[in-house]
Amino acid sequence: MNAGKTTSLLQSSYNYNERGMNTLCFLPKCMSVSERGQKIHSRIGIDGGATCFDESFSFCDFVNGDVTRDKISCLLIDEAQFLTKLQVYELTDIVDFMNIPILTYGLRTDFLQNLFEGSKYLLAWADELIEIKTICFCGKKATMTARVSSDGRVFNSGEQLAFGGNESYISFCRKHYKMSLERGVALVCEDQ
Ligand SMILES: [Zn+2]
C-alpha cells in the first residue's frame, strides 16, 4: 500500500497521451465505490477516467468493440490483483495477437500474505516485473501488508476483500509484520 503504484499508472497514461497516443485505463468495480465514480485516484491528488471491470468482464471483447481500437497504444489496469486467471490470460492474448502493450499495477499478496489470484498469474505470465518499493518504519523494504483496525489491532483472519469498514492497511518489512501479528497491534517503532 502507499507505494505510489496508482500515481505511476496515471503518469504512464499521461506520457502516452502527451505524445498523442490513446490509452484505456481500467479499475475493478469493487474499488470504484460510488463516491469515487469511474475514476482512478492517486493519493497525491491526480486522477483519471477509467472503465470498471468485474470478474465477468472480457477485456478482449471490450477492445474488439472499441471503434478506436486501431489507435489504442496501451492498456493500463489498476488494482490488477483483482483480475481472474482467465482475464490475465486474455490480457496476454491482447499483447500477443493484437500487439497492444499492457501495464498492470497491483499488490502481490493480501493482508494474510497469500497471493491474490490476479497477481499469481501476472507473476507467472508477465513479460516483465517491476517492483515499486515502499518502506517499513525501520527503513527496510516493506514486503508485507497488515490489515489494521481503527484502534490499531492487527487482523490475523478475515475475508480477502473488506470494504466499508474502518480498517486500514500498513506496510511492514517481514520481521515487523511478524512482530505486529504476534503482539496483535501494529508496531510504529522498534522498541514498542
Ligand atoms: Zn521493519
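Because the structure is a prediction, the values reported are computed rather than measured.

Conventions we followed
- Residues numbered from 1 in each chain as written.
- Predicted model: local features only at pLDDT ≥ 70, side-chain atom pairs only at ≥ 80, totals over all residues.
- Heavy atoms only, no water.
- Helix = DSSP H or I, 4+ residues; strand = E, 2+ residues; numbered from the N terminus.
- Buried < 20%, exposed > 50% of the residue type's maximum accessible area, 1.4 Å probe, protein only.
- Contact = heavy atoms within 4.5 Å.
- Areas by Shrake-Rupley, 256 points an atom, 1.4 Å probe, with all protein chains shown as cover.
- 1 Å grid on protein atoms, 1.4 Å probe; cavity = no way out; pocket = protein on both sides within 12 Å on 5 of 7 lines; lining within 4 Å.
- Points joined across faces, edges and corners; volume = space filled by probe spheres on them.
- Donors = N, O, S within 2.8 Å, 3.2 Å for Na, K, Ca; no water.
- Patch = residues over 30% accessible without salt bridge, like charges linked within 9 Å, V, L, I, M, F, W, Y side chains within 5 Å.
- Salt bridge = Lys/Arg side-chain N within 4 Å of Asp/Glu carboxyl O.
- Pairing = 2+ DSSP bridges.
- Right-handed = clockwise from strand over helix to strand, strands pointing away.
- Axes fitted to C-alpha atoms, helices over the stretch in contact; angles between N-to-C directions.
- Phe/Tyr/Trp six-rings, centres within 6.5 Å; stacked < 30°, edge-to-face > 60°.
- Lys NZ or Arg CZ within 6 Å of the ring centre and 35° of its normal.

**Points about the overall build of the protein**
For step 1, the next point in the chain: In terms of helices and strands, the protein carries five helices and eight strands.
For step 2, the next point in the chain: Each helix and strand of the protein, ordered N terminal to C terminal, gives the series α-β-β-β-β-α-β-α-β-α-β-β-α.
For step 3, the next point in the chain: Each of the 192 residues in the protein was classed as buried or not, and the buried ones make up 41%.
For step 4, the next point in the chain: Put simply, of all contacts in the protein between residues at least 6 apart along the chain, 70% involve residues at least 24 apart.
For step 5, the next point in the chain: Summing over all exposed atoms, the protein offers an accessible surface of approximately 11200 Å²; the carbon and sulfur share of this is 49%.

**Comments concerning the layout of surface pockets**
Any space left empty among the atoms is revealed by the rolling of a water-sized probe across them.
For step 1, the next point in the chain: Here the second largest pocket is characterised by a volume of approximately 250 Å³.
For step 2, the next point in the chain: Surrounding the second largest pocket, 14 residues form its lining, Cys30, Glu55, Phe82, Thr84 and Leu161 being those nearest its centre.

**A look at the coordination of the zinc ion**
For step 1, the next point in the chain: In the first shell of the zinc ion, the protein supplies Cys136 (SG), Cys138 (SG), Cys173 (SG) and His176 (ND1), at 2.0 to 2.4 Å from the metal.
For step 2, the next point in the chain: Classification of Cys173 as buried rests on a relative accessible area of 4%.

**Some thoughts on a nonpolar patch on the surface**
For step 1, the next point in the chain: A cluster of nonpolar side chains, Leu115, Leu123 and Leu129, forms an exposed patch at the surface whose accessible area comes to about 270 Å².
For step 2, the next point in the chain: By the element assignment, Leu115 lies in the loop between β6 (102-104) and α4 (117-125).
For step 3, the next point in the chain: Residue classification places Leu115 among the partly exposed positions, given a relative accessible area of 42%.

**Examining the pairing of strand β5 (residues 72-77)**
For step 1, the next point in the chain: Burial analysis of β5 places six of its six residues in the buried class, the great majority of the element.
For step 2, the next point in the chain: As paired strands, β5 and β6 are joined by three bridges and run parallel to one another. Within β6, the position partnered with Leu75 by the bridge is Ile102.
For step 3, the next point in the chain: Between the parallel elements β5 and β6, the chain passes through helix α3 (residues 85-97) in a crossover that is right-handed.

**What to know about the sheet that holds strand β4 (residues 51-53)**
For step 1, the next point in the chain: Ordered in space as β4-β1-β5-β6, the four strands form an open sheet in which the pairing is parallel. Across the chains shown, the open sheet's two edge strands, defined by having one partner strand only, are β4 and β6. Recorded for the sheet is a direction-independent mean angle of 25° between the axes of neighbouring strands.
For step 2, the next point in the chain: Pairing of strand β1 (residues 22-28) with β5 involves five bridges; the strand directions are parallel. Across the sheet, residue Leu24 finds its bridge partner in β5, namely Leu75.

**Here's the deal with the pattern of salt bridges**
For step 1, the next point in the chain: Per the counting criterion, the structure on display carries four salt bridges.
For step 2, the next point in the chain: A salt bridge links Lys5 to Glu79, with the nearest nitrogen and oxygen atoms 3.3 Å apart. You can see Lys5 sitting in helix α1 (residues 5-18) and its partner Glu79 sitting in the loop between β5 and α3, a full 74 residues away along the chain.
For step 3, the next point in the chain: On the accessibility criterion, Lys5 (12% relative accessible area) is buried.
For step 4, the next point in the chain: One salt bridge in this structure joins Arg153 and Asp151, with 3.4 Å as the shortest N-O distance.
For step 5, the next point in the chain: Judged by relative accessible area, Asp151 falls into the exposed class, the value being 55%.

**A look at α4**
For step 1, the next point in the chain: Those residues of α4 that fall on the buried side of the exposure criterion are Gly118, Ser119, Tyr121 and Leu122.
For step 2, the next point in the chain: Packing partners of the buried residues in α4 comprise α3 and β6.

**A closer look at the packing of aromatic side chains**
For step 1, the next point in the chain: Per the stated rule, a full pass over the model turns up 11 aromatic pairs.
For step 2, the next point in the chain: Geometrically, the ring pair formed by Phe137 and Phe172 is edge-to-face, given 6.4 Å between the ring centres and 85° between the ring planes. Note that Phe137 is positioned in the loop between α4 and β7 (144-148) and Phe172 in strand β8 (residues 168-172), a separation of 35 residues in sequence.
For step 3, the next point in the chain: For Phe137, a relative accessible area of 32% puts it in the partly exposed group.
For step 4, the next point in the chain: Over the ring of Phe111 we find Arg147; its NZ or CZ atom is 3.7 Å from the centre of that ring.

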